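Residue strings, one per chain:
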Amino acid sequence: MPKWIEKVFGIGTVTILLLGATGYWYVFIAGAPQLDPPKVVTDANLNFELKTYKSVAMNSERTYGLILPPGYAKNSQQRYPVIFLLHGGHGDARAYQDKAAVTSVLHDLYQSKRLPPSIIITPDGNDQRGTSPLWDPQYFDGPNGLVGSAIGSELVSEIKSRYRTLEDPKFWAMGGQSSGGWGAFNIGLRYLNNFNILFSHSGYFISNPVTSELFISLISLCVLCVLVRLNHSDAAGNDITRHIYEKLAL
């Protein structure tokens, strides 16, 4: 193989790896923050609060974000619709406020009359493993905790007991972003007696618990390819690289 082709191959591989590593950092480490996040609008009638409740399903104290609608304290007889927003990977109960300034979005929606005053709930969807860039929240009842029951049943009862909600499930909605979008449907379809409105933003509809591990393995093999090509330009290097590529194809 001519030297110039080897150099082009090496530079191209390194460039692809750098782009892949940057993409991984942006999505899994930084949590895919918006490049043009909405400006935080100061609205005395909209406040994000972090609340806790005791979860029997998870055998622990759980958190959720709360945003009460404008005029909630003054209109003591009025009841409101409820919207659950489930965060995506590497998020928590504060994700919608910290990463997307959800109170500012609500301010605009209320001002334009595109959303009726509602009680907004942002649950912590993480299981017993906690949050990590290496895995998504498991929005179901599994070996890492009964997250589905905690959100779809327990938290619903908690919200109904604490706040003035409309009882009919047609006034209860649940949605989310990315894995939260998947979680909204996975939990919501199991609790249609609690939620009649489900929505997903950039969600998926299958759960693959080994996706992150597989991704890391592929990146490791790619790095190994680069090291082999930089240190072995002979036939032996070609054979090693070919063997690695065969592994990648698996």
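Heads up: the structure comes first, above all this text.
Anyway, here's the lowdown on the structure attached to this text.

Parameters at a glance
Residues numbered from 1 in each chain as written. Predicted model: local features only at pLDDT ≥ 70, side-chain atom pairs only at ≥ 80, totals over all residues. Heavy atoms only, no water. Helix = DSSP H or I, 4+ residues; strand = E, 2+ residues; numbered from the N terminus. Contact = heavy atoms within 4.5 Å. Areas by Shrake-Rupley, 256 points an atom, 1.4 Å probe, with all protein chains shown as cover. Core = buried A, V, L, I, M, F, W, Y, C linked by side-chain atoms within 4.5 Å. Buried < 20%, exposed > 50% of the residue type's maximum accessible area, 1.4 Å probe, protein only. Phe/Tyr/Trp six-rings, centres within 6.5 Å; stacked < 30°, edge-to-face > 60°. Lys NZ or Arg CZ within 6 Å of the ring centre and 35° of its normal. Pairing = 2+ DSSP bridges. Salt bridge = Lys/Arg side-chain N within 4 Å of Asp/Glu carboxyl O. Axes fitted to C-alpha atoms, helices over the stretch in contact; angles between N-to-C directions. Bend = angle between axes of the 7 residues up to and from the residue.

1. Regarding the overall build of the protein
- When helices and strands are tallied, the protein shows seven helices and eight strands.
- Considering only residue pairs separated by 6 or more positions, the protein has 68% of its internal contacts joining residues 24 or more positions apart.
- Accessible area for the protein stands at about 13,900 Å²; split by element, carbon and sulfur atoms hold 61% of it.

2. Considering the nonpolar core
- In terms of nonpolar packing, the biggest core is built from 29 residues, with Phe-84, Ile-119, Ile-121 and Met-174 touching the most fellow members.
- Taken together, the elements giving at least two residues each to this core come down to strand E2 (60-67), strand E3 (82-86), strand E4 (119-123), helix H4 (147-162), strand E7 (172-177) and helix H5 (179-188).
- Broken down by element, the residue count for this core peaks at six residues, all from H4.
- Setting aside anything within four residues of it in sequence, one finds Ile-121 in contact with Tyr-64, Gly-65, Leu-66, Val-82, Ile-83, Phe-84, Leu-85, Leu-155 and Ile-159.
- Of all hydrophobic cores here, the second largest spans 12 residues; its members include Leu-46, Ile-83, Leu-85 and Leu-115.

3. Looking at the packing of aromatic side chains
- For the structure shown, the criterion picks out six aromatic pairs.
- With 6.1 Å between their ring centres and 85 degrees between their planes, Phe-140 and Trp-182 make a pair best called edge-to-face. Of this pair, Phe-140 sits in the loop between E4 and strand E5 (141-142) while Trp-182 sits in helix H5, and the two are 42 residues apart along the sequence.
- Taking the centre distance of 6.0 Å and the plane angle of 80 degrees together, the rings of Trp-172 and Phe-195 count as edge-to-face. Of the two residues, Trp-172 is situated in strand E7 and Phe-195 in the loop between H5 and strand E8 (197-201); the sequence distance between them amounts to 23 residues.
- Trp-172 sits in the buried class, given a relative accessible area of 1%.
- Ring pairs connect the aromatic residues Phe-84, Trp-172 and Phe-195, which therefore count as one cluster.
- Positioned above the aromatic ring of Trp-172 is the side chain of Lys-160, whose terminal nitrogen or guanidinium carbon lies 5.5 Å from the ring centre.

4. Some remarks on the pairing of E4
- Across the five residues of E4, five count as buried, placing the element largely inside the fold.
- Residues Ile-119, Ile-121 and Pro-123 line one face of E4 and the alternating positions Ile-120 and Thr-122 line the opposite face, and both faces are buried.
- By the bridge criterion, four bridges tie E2 to E4 in an arrangement that is antiparallel. Each bridged residue has a counterpart across the sheet, and for Tyr-64 the counterpart in E4 is Pro-123.
- Summarising the sheet, E3 and E4 pair through three bridges and their orientation is parallel. Within E4, the residue paired with Ile-83 across the bridge is Ile-120.

5. Some remarks on the pattern of salt bridges
- Using the criterion set out here, one finds five salt bridges in the structure.
- Here Glu-49 makes a salt bridge to Lys-51, at a shortest N to O gap of 3.4 Å.
- Between Arg-129 and Asp-127 there is a salt bridge whose closest N-O contact spans 2.9 Å.
- According to the relative accessible area criterion, Arg-129 is partly exposed, its value standing at 30%.

6. Regarding the sheet that holds E4
- Read from one edge of the open sheet, six strands run E1-E2-E4-E3-E7-E8, paired in mixed fashion. Of all the strands in the sheet, just strand E1 (48-55) and E8 have a single pairing partner and so form its edges. Direction aside, the axes of adjacent strands within the sheet are offset by 25 degrees on average.
- The strands touched by helix H3 (residues 102-111) are E1, E2, E3 and E4; relative to E2, the strand with the most contacts, the crossing angle is about 40 degrees.
- Here H4 sits on the sheet in contact with E1, E2, E3, E4 and E7, set at roughly 115 degrees to E1.

7. A short note on H4
- Of all the bends found along H4, the most pronounced is centred on Leu-155 and spans about 35 degrees.
- Among all positions in H4, only Val-147, Gly-148, Ser-149, Ala-150, Ile-151, Gly-152, Leu-155, Val-156, Glu-158 and Ile-159 are buried.

8. With respect to unusual backbone geometry
- In this structure, His-90 takes a positive phi of about 60 degrees despite not being glycine.
- Secondary-structure assignment places His-90 in the loop between E3 and helix H2 (95-100).
- In this structure, Lys-113 is a non-glycine residue whose phi angle is positive, near 65 degrees.
- Topologically, Lys-113 is positioned in the loop between H3 and E4.
- Using a relative accessible area of 73% as the deciding quantity, one classes Lys-113 as exposed.

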